Amino acid sequence: MPRKPALTLKDLAVELDLGITTVSDILLRGKTNYRAETVERVKAAADRLGYRPNALAQGIRSGRTKTVGLVVTFNILNPYFAEIVNRLEERFAAAGLMLLLAISEDDIEKDRRAITYLESRRVDGLIVGPVYKRRGVEAPYEHYRSRLPTVMFGAEDDAPCDCVNLDGMPRALGRRAAEHLLARGHRRIAYLCCPEHPRINTGQGTHRGYHEALAAAGSYDERLVWIEKRPLAEVAHARMRQILASTPRAELPTAIYCHNDHCAIGALAALRETGLRVPQDISLVGTDNIATAAFTDPPLTTFDLRPAATADAAFELLHQRLAKPRLPVQRRHIQPLFVERTSVRSL
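Below you will find a few notes about this structure. Note that the coordinates shown come from a computational prediction; the quantities given were computed from them, not determined experimentally.

Here's the deal with the packing of aromatic side chains
Applying the stated criterion across every chain, the model contains 7 aromatic pairs. Aromatic pair Tyr80 and Phe81: ring centres 5.1 Å apart, planes at 75 degrees, arrangement edge-to-face. Take Phe81: its relative accessible area is 6%, and that puts it in the buried class. With centroids separated by 6.0 Å and ring planes inclined at 70 degrees, the aromatic side chains of Tyr210 and Tyr220 adopt a geometry described as edge-to-face. With Tyr210 in helix H8 (residues 206-216) and Tyr220 in the loop between H8 and strand E7 (225-227), the pair connects residues that are 10 residues apart, well separated along the chain.

Shown next as structure tokens:
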């Protein structure tokens with residue numbers, strides 16, 4: 001069935017036998033210097049006939065479309081990113097702006113296409129994240145550069161635009177997790193779903209902080225770094241089952257640092273299925289503090305990365321940038337919170 005052409009202001013004016021300027025003043029400019037019955041007649045006809053203003057055309061004329069683009073570069077099924085998206089939508093809606101969402105799932109070329117598309121839609125500004133420096137990728141920020149006002153989250157402080165990141169970057173999380181487990185007497189500490197190769201120890205990733213803390217204590221063992229590119233519960237569960245099936249009980253770690261809470265939940269299930277108890281046999285630490293982390297058995301010790309605070313800071317930075325384009329580049333640092341529950345025991 002062919003699509004009907006959109007109703008235009010000219011069509012509406014002809015229908016009402018009014019001048020196009022009159023109809024435009026009432027519907028687009030909100031002018032009230034017309035007779036009340038004329039205003040009501042125009043609005044009623046627009047509603048009845050399904051007239052919708054061309055927001056893109058209006059935006060081109062005014063220089064603003066009242067839309068903002070959000071590019072999430074990781075899987076939106078992760079509750080951390082889902083909460084950021086939800087919070088940003090709430091904040092921009094309250095400010096009278098519509099959020100347009102694109103998801104790339106760790107694909108730089110898809111990121112670039114999403115940004116190009118959002119630019120073509122004349123969005124007023126962009127929020128992009130997380131933006132991590134990737135191995136083998138030269139000038140990583142160039143992939144996210146835009147002519148539009150842009151805020152990055154999860155970017156390092158050398159980002160070329162306003163950015164929000166964790167205080168100390170992910171590196172600090174890995175170090176704090178390892179130090180907590182060392183302080184509780186653990187020495188054989190594994191890293192489940194590490195996203196990077198253990199021999200590549202540059203940048204600000206969690207593995208670097210984990211390595212630094214354990215190496216300083218003389219406890220680092222590369223064999224306990226279990227790499228997985230997709231830090232999902234089902235991936236962690238399968239990897240944990242494989243490790244438990246192939247490793248003698250005496251060689252298992254006494255504690256596992258999990259890349260996120262999803263991985264910790266997958267590991268917890270695998271340990272339970274093979275008769276191992278948390279924390280009596282193996283302790284677990286997660287990252288993200290997703291809502292379900294407090295209700296696992298046992299409740300999960302983890303880091304709260306405060307996604308709502310990240311979203312609020314990104315919203316405020318872009319809102320300021322739109323109002324004052326010549327402001328100096330700004331940085332905001334979010335302090336993660338350590339949430340100690342009962343998934344770790346002292347040795």
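Concerning the nonpolar core
Core analysis: the largest hydrophobic core is formed by 43 residues, its most contacted members being Leu70, Leu88, Phe92, Ile127, Val164 and Tyr210. Counting residues per element, this core draws most heavily on helix H11 (residues 307-323), which supplies 8 residues. With residues up to four places along the chain from it excluded, the contact list for Ile127 reads Gly69, Leu70, Val71, Leu88, Phe92, Val151, Phe153, Ala314, Phe315 and Leu318.

Topic: the pairing of strand E1 (residues 67-72)
Among the 6 residues that make up E1, 6 are buried, leaving the element largely enclosed by the rest of the structure. On E1, burial covers both faces: Thr67, Gly69 and Val71 on one face and Val68, Leu70 and Val72 on the other are all buried. Bridge analysis of E1 against strand E2 (residues 98-103) gives 6 bridges, and the strand direction is parallel. Paired with Leu70 across the strands is Leu101, a residue of E2.

A word on the sheet that holds strand E11 (residues 331-334)
Spatially, E2-E1-E3-E4-E5-E11 is the arrangement adopted by the 6 strands of the open sheet, whose pairing is parallel. Here the strands that pair on one side only, and so sit at the sheet edges, are E2 and E11. Pairs of neighbouring strands in the sheet enclose a mean axial angle of 15 degrees, with direction left out of account. The strands touched by helix H6 (residues 108-120) are E1, E2 and strand E3 (125-129); relative to E1, the strand with the most contacts, the crossing angle is about 175 degrees.

Some details on helix H5 (residues 79-94)
Between the first and last C-alpha of H5 there are 22 Å, a value that for 16 residues agrees with the 22 Å anticipated at 1.5 Å per step. Summarising the contacts, the buried residues of H5 are in contact with E1, E2, E3, strand E4 (150-153) and H11. Among the residues of H5, the N-terminal cap falls to Asn78, whose side-chain oxygen and the backbone nitrogen of Tyr80 are separated by 2.8 Å. Two residues or fewer after H5 comes Gly96, characterised by a positive phi angle close to 80 degrees.

A short note on the pattern of salt bridges
Proximity of charged atoms lets side chains of opposite charge pair with each other. Throughout the structure, instances matching the rule amount to 17 salt bridges. Its salt-bridge partner being Arg87, residue Glu90 comes within 3.9 Å of it at the nearest N-O pair. In this pair, Glu90 and Arg87 are both assigned in helix H5, 3 residues apart and thus about one turn of the helix distant. On the basis of relative accessible area, Glu90 is assigned to the partly exposed category, the value being 40%. Linking Arg332 and Glu316 is a salt bridge whose minimum nitrogen-to-oxygen distance equals 3.1 Å. One end of the pair, Arg332, is in strand E11; the other, Glu316, is in helix H11, with 16 residues separating them in the sequence.

So, helix H7 (residues 169-183)
Given 3.6 residues to a turn, an α-helix orients residues that are three or four positions apart in the same direction. Over its 15 residues, H7 extends 22 Å from the first C-alpha to the last, a length consistent with the 21 Å expected when each residue adds 1.5 Å. Most of H7 sits inside the fold, with 11 of its 15 residues counted as buried. Where H7 terminates, the next one or two residues include Gly185, which has phi positive at roughly 95 degrees.

Some words on the side chain of Thr150
Mapped onto the fold, Thr150 is located in strand E4. The exposure class of Thr150 is buried, given its relative accessible area of 9%. Within the structure, Thr150 has its side chain in polar contact with the backbone oxygen of Leu148 (distance 2.9 Å). Residue contacts for Thr150: discarding those within four places in its chain leaves Leu126, Val128, Cys161 and Asp162.

What about the sheet that holds strand E8 (residues 255-258)?
Taken in spatial order, the 4 strands line up as E7-E6-E8-E9 in an open sheet, and their pairing is parallel. The open sheet has two free edges, formed respectively by E7 and strand E9 (283-285), since each of these has just one partner strand. Here the strands of the sheet are splayed against their neighbours by 20 degrees on average, with no regard to which way each runs. In the packing of H7 onto the sheet, contacts are made with strand E6 (189-194), E8 and E9, and the angle to E8 comes to roughly 165 degrees. Sitting on the sheet, H8 is in contact with E6, E7 and E8, with an inclination near 170 degrees to E6.

About the thresholds
Residues numbered from 1 in each chain as written. Predicted model: local features only at pLDDT ≥ 70, side-chain atom pairs only at ≥ 80, totals over all residues. Heavy atoms only, no water. Phe/Tyr/Trp six-rings, centres within 6.5 Å; stacked < 30°, edge-to-face > 60°. Buried < 20%, exposed > 50% of the residue type's maximum accessible area, 1.4 Å probe, protein only. Helix = DSSP H or I, 4+ residues; strand = E, 2+ residues; numbered from the N terminus. Core = buried A, V, L, I, M, F, W, Y, C linked by side-chain atoms within 4.5 Å. Contact = heavy atoms within 4.5 Å. Pairing = 2+ DSSP bridges. Axes fitted to C-alpha atoms, helices over the stretch in contact; angles between N-to-C directions. Expected span 1.5 Å × (residues − 1). Polar contact = N/O pair within 3.5 Å; in protein donor to acceptor, adjacent residues only side chain to side chain. Salt bridge = Lys/Arg side-chain N within 4 Å of Asp/Glu carboxyl O.

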